Amino acid sequence: MREWLNTIAPAFQRVPELLAQHLQLSFAALALALLIALPLAVWASRNRHVANIALGFASLVQTIPALALLALFYPLLLALTALFGDLIQPLGFLPSLLALTLYALLPILRNAVTGLNGVDPAIVEAADGVGMTKAQKLRLVEAPLAAPTIMAGIRTAAVWTIGAATLSTTVGQPSLGDLIFAGLQTQNWSLVLAGCLTSAALAIIVDMLLGTIENAIATRRKRRGWIAAALLAAGLAFALIPTTSADEDTIIIGAKRFNEQYILAQLIGQRLEQAGYDVRYREGLGSAVMFQAVTNDDVNISIDYAGTIWTNEMNRTDSVARPEMIETITSWSRETYGVNVAGPLGFENTYAFAVRPDDARHLALKTMDDLARVSPDFVFGTDLEFLERPEWQMVKDAYPLRFKGERAFEPTFMYKALSSRQADVISAFSSDGRIAANNFVVLDDPKGAVPAYDALLMVSPKYANDAKFIAAIQPLLHAISVEKMREANYMVDREDDKKSPTEAARWLAGQLENKE
Amino acid sequence: MPDTPSQKRGPSLEFINLSRHYGDVVAVDTISQHIEPGEFIALVGASGSGKSTLLKMVNRLIEPTSGQVEIDGEDVTTREVHELRRSIGYVFQNIGLFPHMDIAHNIAIGSRIGSRPVLPAGEIAELLELVDLPADMAARMPDQLSGGQQQRVGVARALSTKPGLMLMDEPFGALDPITRENLAESYRALHDRLGLTTIMVTHDMAEALLIADRIWVMANGSIAADAAPAQLLAGGCGEEAESLVAVPRGQAERLLARKAGG
C-alpha cells in the first residue's frame, strides 16, 4: 500500500494547476453553450422550423468525434486569423472552447425545447387568459415549469463537457488530458489514473451540485439550491485565479504524442533554460497540427521528421536521396513559411516493418518482398494514422501486400500486439527501443519505398533568424545517433526501472556526440 | 370587496358582423349581437357549433377573420392585447392554476403582472371568502385542492383584478353534478352582487336555463335562437333550441311523474 502510494503521489503533482485549467475551460464552454442554447430553445419552442434546424445541427455536431471536432477548428481559426490577426488564437483555449461549446449544445437545447413544449396547454391558456405578455409568460410560467427538464439537460452537458475537455490537450490547451495522454504514451499508469480519477471526480461533484439545484427547483427548497449554486461559483472562482501565464518572451516547445517527442522537447527545454530562456511545453499535439503551429509561431520550436513534411506538407510522393530531401525541405520551409529548419539531429525515425524473430526464421523473412509473399496469412498492426498516410500507399505501390487483416493501435499497444501475436507484422518506428528489446526483426526496403525520416529541428519564424537562439540549440544538431535515441526511448518505454522523459533527456544530454 | 350590489360595473358588449374561418370551415358566421351591462348570457349548442370560438374572440385568444367586438363601445383591438385581457375575467374548463405557485400567488397573479400594487393578504382572504373557501387555503399548493376547490380558486383569480366582464368557457363542465350545481349557483349570486356582465359557454342546457338571463343557442356558427329561459321552455324558438331544451324538460317531467307515481 505504502509503495503504491509512493508511485501514485507524484502523479498528482500537476493536478491542481491542470484541474484549474480544466475547470476554466469546461465552465466557459458550458456557460457559452447555455448562452446560445437557452435563447435558441425559447425561439425553437415557438417555431417548429427553427426547432428542426437547431436540433438537426446540434445532432449533426454530436456525430463528429470530439477529437476530430477539436482538430477541425485549427484550420478554421487559422483562416480567420488572416482576417482578424492576433485577436484569434488558433491553438489552445479558443478551439477547445468552441468545440466543447458545440458539443454541449445538444443536451441543453433538446431538454429545454422538450421542457418548454411540455408545459400543460391549460396552464399556457391560463397565462394568456390573465393577460401575461410573452416575456412574463416565459419568466413566470414556462421557464419555472420547464426548469427541472432544462436542468437535467445541463447536467448531461456538464458531464460530457468535463469528460471531453481532456481531449483539448491535443490542440495545445492544458487540461487533465495532459496527464492521460502523457501517461498513455509513457505507460505511466499512475499518471493516467491521476488524470482519469480527477476528471471523473470533478464530473461527479459538478453533477451532484447541479442535481441538488435541480431538486431544489422541483421541490421549491430555495436555500439548498442557493448553497449548491454558491459552491459551484466558488469552484469557478478557484479556477479563475490566474495561473502563471506565459509572457511574450517565453519559448513554447512543442511535442507530438509519443515518447521520443516528450524526451526531445525536454532536451531542448533544458538547453534553452541553460541559455537563459523561459520555456513552456505544449505536449500531446496532433501530428497534423504541429507543423501548422510552428509556421504560425504558436509553437516556437519542434522536432519534425523529413518524410512527414515531404509527404504531408509538400504532397510529394517521389523518393529522393536523403541530403537532397533535407535541402529541399529546408528551402521550401523558409520560402513558404519563414520557418528555419535548423538542421537534422542525426538520427532517423522511419517506418520500419518489424516481425517476430521466430517468424523471420521459419518463414525466411528478410525483405519487404518476403513479406509480400506471406502477407495473405499475416495480420498487419499499425499506429492510428499509418493506414491513412501517403507512405502506406507508396509501400503498397512498391510491394504487392495483401494482408489477412489490418488493425490500428496506440503505438504503445502496437508493440505488445506483435509480441502477443494479435498482429504478425507492425509498422514500427525505427528509433523505438522496443524493437531491439523484443528482438523484433526489421525487414529491408530494397526498393526504397519509404522516404527518409531524419529528425529535423524546426524553428518558428519569430526565432528563425535569432542568432542567440540558434546558437543555443546548435549543439543538438548531428549529435544524436539512432542507438542513443533508442536507448533513451527505451528508458521511458520499459516496464522495469522506468524513467521519466525529463530523466531520459538529462541522460541523453550527457551522451551528445558532436559528429559535425 | 367594496362594490355595492346596486352598482353595475359590467360593460355592454357589441358583436358586429363577427366571423371566424379556419380554411374552408366557418366556425363563426357573421354574428351581430348586443349584450346589456350586467346581463348573464349562456352560450349553448352542440360541440363544434362555434360557442368557444365566439367567446374567445372577446378577449382575443382567437382573432376574428372579419368583423369586430366592442366593449362599452370601444373596439377590443384598440388596446394592447395583454392590457385587454387583464381587464376581463377568464375562467375555463381546464382551470389552469399555476402548479408551481401557492393559492395566494395564483390569485394575486393579475396584480403581479400588471402595474397595480401587490394584493394585500386581506384582499386575498376576501376573494377566497367570496368563492366560499377558507382563508387558510391561501398557503396551499393547487394539487392539494379538490377539483371543485381549484375551480373556485380559478374564479377568485379571475375576479382579483376587479373586472366588469367575465368570460367562462364551460367552467364547471369537469366537476361532479353536486359541486357543479353549488358552484353555478354561488357564481350567479356573485354575478348579481358585483354587477358583472357574464358570458358563459356551457353544454349543460339545464344549467343554462337555471342561471342565465338570456340564452343564445348556436348552430353551425350562427345564433339559431336568442331568448330568455322562460321563452325557450315555452317552445317556439326553432328546431335547434327545441332539441336542446327537450332533454332537461323531458327529464324534469319524467322525474315529476315518477315522484307522483310513488
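Conventions and cut-offs
- Residues numbered from 1 in each chain as written.
- Chains lettered and ligands numbered in written order.
- Predicted model: local features only at pLDDT ≥ 70, side-chain atom pairs only at ≥ 80, totals over all residues.
- Helix = DSSP H or I, 4+ residues; strand = E, 2+ residues; numbered from the N terminus.
- Rg over C-alpha atoms; globule rule 2.2 N^0.38 Å.
- Contact = placed C-beta atoms within 7 Å.
- Buried ≥ 20, exposed ≤ 12 C-beta atoms within 10 Å, placed from the backbone.
- Nonpolar A, V, L, I, M, F, W, Y, C, P; charged D, E, K, R; others polar.
- Expected span 1.5 Å × (residues − 1).
- Bend = angle between axes of the 7 residues up to and from the residue.
- Axes fitted to C-alpha atoms, helices over the stretch in contact; angles between N-to-C directions.
- Left-handed = near helix turned anticlockwise from the far one by under 90°.
- Domains from an automatic or database assignment.
- Pairing = 2+ DSSP bridges.
- Core = buried A, V, L, I, M, F, W, Y, C linked by C-beta atoms within 7 Å.
- pLDDT = per-residue confidence, 0-100.
- Right-handed = clockwise from strand over helix to strand, strands pointing away.

Asker: Just give me the short version of the overall build of chain B, but keep the residues and values in it.
Answerer: Along the backbone of chain B there are ten helices and ten strands. Compactness check: chain B gives a C-alpha radius of gyration of 19 Å against a globular reference of 18 Å for 262 residues, within 12% of the reference. Its C-alpha atoms give chain B principal-axis dimensions of about 55 × 50 × 35 Å. Of the contacts formed within chain B by residues at least 6 apart in sequence, a portion of 69% connects residues at least 24 apart.

Asker: Describe the overall build of chain A, with residues and values.
Answerer: When helices and strands are tallied, chain A shows 22 helices and ten strands. With the C-alpha coordinates of chain A rotated into their principal frame, the extents come out at 85 × 55 × 55 Å. Buried residues in chain A amount to 45% of all 516 residues. Counting only contacts in chain A whose residues sit at least 6 apart along the sequence, the fraction spanning at least 24 positions is 79%.

Asker: Which residues make up the interface of chain A and chain B, and what are the values?
Answerer: If you look at the interface, chain A gives 14 residues, while chain B gives 17 residues. Secondary-structure elements contributing two or more residues to the side of chain A that touches chain B are α6 (121-129) and α7 (134-164) of chain A. If you tally residues by element for the side of chain A that touches chain B, the top one is α6 of chain A, at six residues. Here the side of chain A that touches chain B is composed, by residue class, of eight nonpolar, four polar and two charged.

Asker: Describe in detail helix α5 (residues 93-117) of chain A, supporting the description with residues and values.
Answerer: Note on helix geometry: an α-helix contains 3.6 residues per turn, so any two residues three or four positions apart are oriented the same way. Residues and elements named next belong to chain A. For α5, spanning 25 residues, the distance from its first C-alpha to its last is 35 Å, which sits close to the expected 36 Å at 1.5 Å a residue. Maximal helix bending in α5 amounts to about 30°, located at L105; proline P107 follows within four positions. For α5, the tally of buried residues reaches 20 of 25 residues, placing the bulk of the element in the interior.

Asker: With reference to specific residues and values, describe the pairing of strand β6 (residues 88-92) of chain B.
Answerer: With five of its five residues buried, β6 of chain B lies for the most part within the structure. Here β6 of chain B shows a buried face lined by I88, Y90 and F92 of chain B and a second buried face lined by G89 and V91 of chain B.

Asker: Explain the packing of helix α2 (residues 15-46) of chain A against α5 of chain A to me, and be specific about the residues and the numbers.
Answerer: Contact geometry for α2 of chain A and α5 of chain A: axes closest at 6 Å, N-to-C directions at 40°. Between α2 of chain A and α5 of chain A lies a crossing of right-handed hand.

Asker: Before we move on, could you go through the domain arrangement of chain B and cite the residues and values that matter?
Answerer: Residue and element names in this part refer to chain B. By domain assignment, chain B separates into domain 1 (13-87 + 163-261) and domain 2 (100-162). The gap between the C-alpha centroids of domain 1 and domain 2 is 25 Å. Contacts between the two partners involve twelve residues from domain 1 and, on the opposite side, 13 residues from domain 2. Broken down by element, the side of domain 1 that touches domain 2 gets its largest block of residues, five residues, from helix α7 (residues 177-194). When grouped by side-chain class, the residues that make up the side of domain 1 that touches domain 2 number nine nonpolar, two polar and one charged.

Asker: An account of the environment of N188 of chain A is needed here, citing residue identities and associated values.
Answerer: Residues and elements named next belong to chain A. Residue position: N188 is located in the loop between α8 (177-186) and α9 (189-219). The exposure class assigned to N188 is buried, which follows from the 20 C-beta atoms found within 10 Å. Each C-alpha atom of the pair N188 and L40 lies 44 Å from the other, and the pair is 148 residues apart in sequence.

Asker: Which residues make up the environment of W310 of chain A, and what are the values?
Answerer: Residue and element names in this part refer to chain A. Examined against the element boundaries, W310 turns out to sit in helix α13 (residues 306-313). Taking the C-beta count within 10 Å as the criterion, W310 has 25 such neighbours and is therefore assigned buried. Each residue touching W310, except ones within four places of it in the same chain, is listed here: R316, M325, I329 and P451.

Asker: So, the sheet that holds strand β5 (residues 351-355) of chain A: which residues are in play, and what are the values?
Answerer: All names here are of chain A. Pairing within the open sheet is mixed, and its five strands lie in the order β7-β6-β8-β5-β9. At either margin of the open sheet sits one strand with a lone partner, and together these are β7 (405-408) and β9 (441-442). Summarising the sheet, β5 and strand β8 (residues 425-429) pair through five bridges and their orientation is antiparallel. Its bridge partner being in β8, F353 is matched across the sheet by S427.

Asker: Before we move on, could you go through the nonpolar core and cite the residues and values that matter?
Answerer: One finds A104, L109 and A306 of chain A together with L43 of chain B to be the most contacted residues of the largest nonpolar core, which totals 196 residues. In contact with L109 of chain A, other than residues within four places in its own chain, are A37, L40, A41, A54, L55 and A58 of chain A. Membership of the second largest hydrophobic core comes to 27 residues, among which are F353, A354, V355 and M414 of chain A.

Asker: Mind laying out the sheet that holds strand β3 (residues 40-45) of chain B, listing which residues take part and the relevant values?
Answerer: All names here are of chain B. As summarised here, the arrangement of the six strands in space is β6-β7-β8-β3-β9-β10, forming an open sheet in which the pairing is mixed. The open sheet has two edge strands with one neighbour each: β6 and β10 (222-227). Mean inter-strand twist for the sheet, computed between neighbouring axes without regard to direction, equals 15°. In the sheet, β3 pairs with strand β9 (residues 214-219) via five bridges, with the strands oriented parallel.

Asker: Explain the packing of α2 of chain A against α7 of chain A to me, using residue names and the numbers behind them.
Answerer: All names here are of chain A. Between α2 and α7, the least distance of the axes is 11 Å, while the angle of their chain directions is 145°. Viewed along their axes, α2 and α7 form a crossing whose handedness is right-handed. Two secondary-structure elements touch here, α2 through S26, A29, L30, A33 and V42 and α7 through L138, A157, A158, T161 and I162.

Asker: Hey, could you go over the confidence of the model for chain B for me, with residue numbers and the actual values?
Answerer: Residues and elements named next belong to chain B. Summarising the model, chain B shows a mean pLDDT of 89, and 95% of its residues fall at 70 or more. The secondary structure element of chain B with the lowest average pLDDT is helix α4 (residues 109-113), at 84, and the one with the highest is strand β8 (residues 197-201), at 96. Scored below 50 in pLDDT, residues 1-6 shows seven contacts in the model against residues more than four places distant or in partner chains. This prediction of the complex comes with two scores: 0.73 for pTM and 0.87 for ipTM.

Asker: Tell me about the environment of G195 of chain B, and name the residues and values.
Answerer: Residue and element names in this part refer to chain B. Tracing the chain through its elements places G195 in the loop between α7 and β8. With 17 C-beta atoms counted inside 10 Å, the residue G195 sits in the partly exposed group. Along the chain, G195 and I124 lie 71 residues apart, while their C-alpha atoms are 20 Å from each other.

Asker: I'd love a proper account of unusual backbone geometry, names of residues and values included.
Answerer: Residues and elements named next belong to chain A. The residue H478 is not glycine, and still its phi comes out positive at about 55°. Looking at where H478 falls in the secondary structure, it is placed in the loop between α20 (467-473) and α21 (482-493). Its identity as a non-glycine residue notwithstanding, D497 has a phi of 55°, on the positive side. Note that D497 resides in the loop between α21 and α22 (501-509).

Asker: How would you sum up the pairing of β7 of chain A? Please name residues and give values.
Answerer: All names here are of chain A. Of the pairings in the sheet, the one linking strand β6 (residues 379-382) to β7 comprises four bridges and is parallel in character. Note on β7: the bridge partner recorded for T382 is A408. Note on the crossover from β6 through helix α17 (residues 390-398) to β7: the handedness is right-handed.

Asker: Please provide a residue-by-residue account of α9 of chain A, values included.
Answerer: Residue and element names in this part refer to chain A. With 31 residues, α9 extends 44 Å from end C-alpha to end C-alpha; this agrees with the ideal 45 Å at 1.5 Å per step. Residues of α9 that are buried include every one of L191, A194, G195, T198, S199, L202, V206, L209, L210, I213 and E214, and no others. Backbone geometry just downstream of α9 places R220 in the positive-phi region, at approximately 55°.

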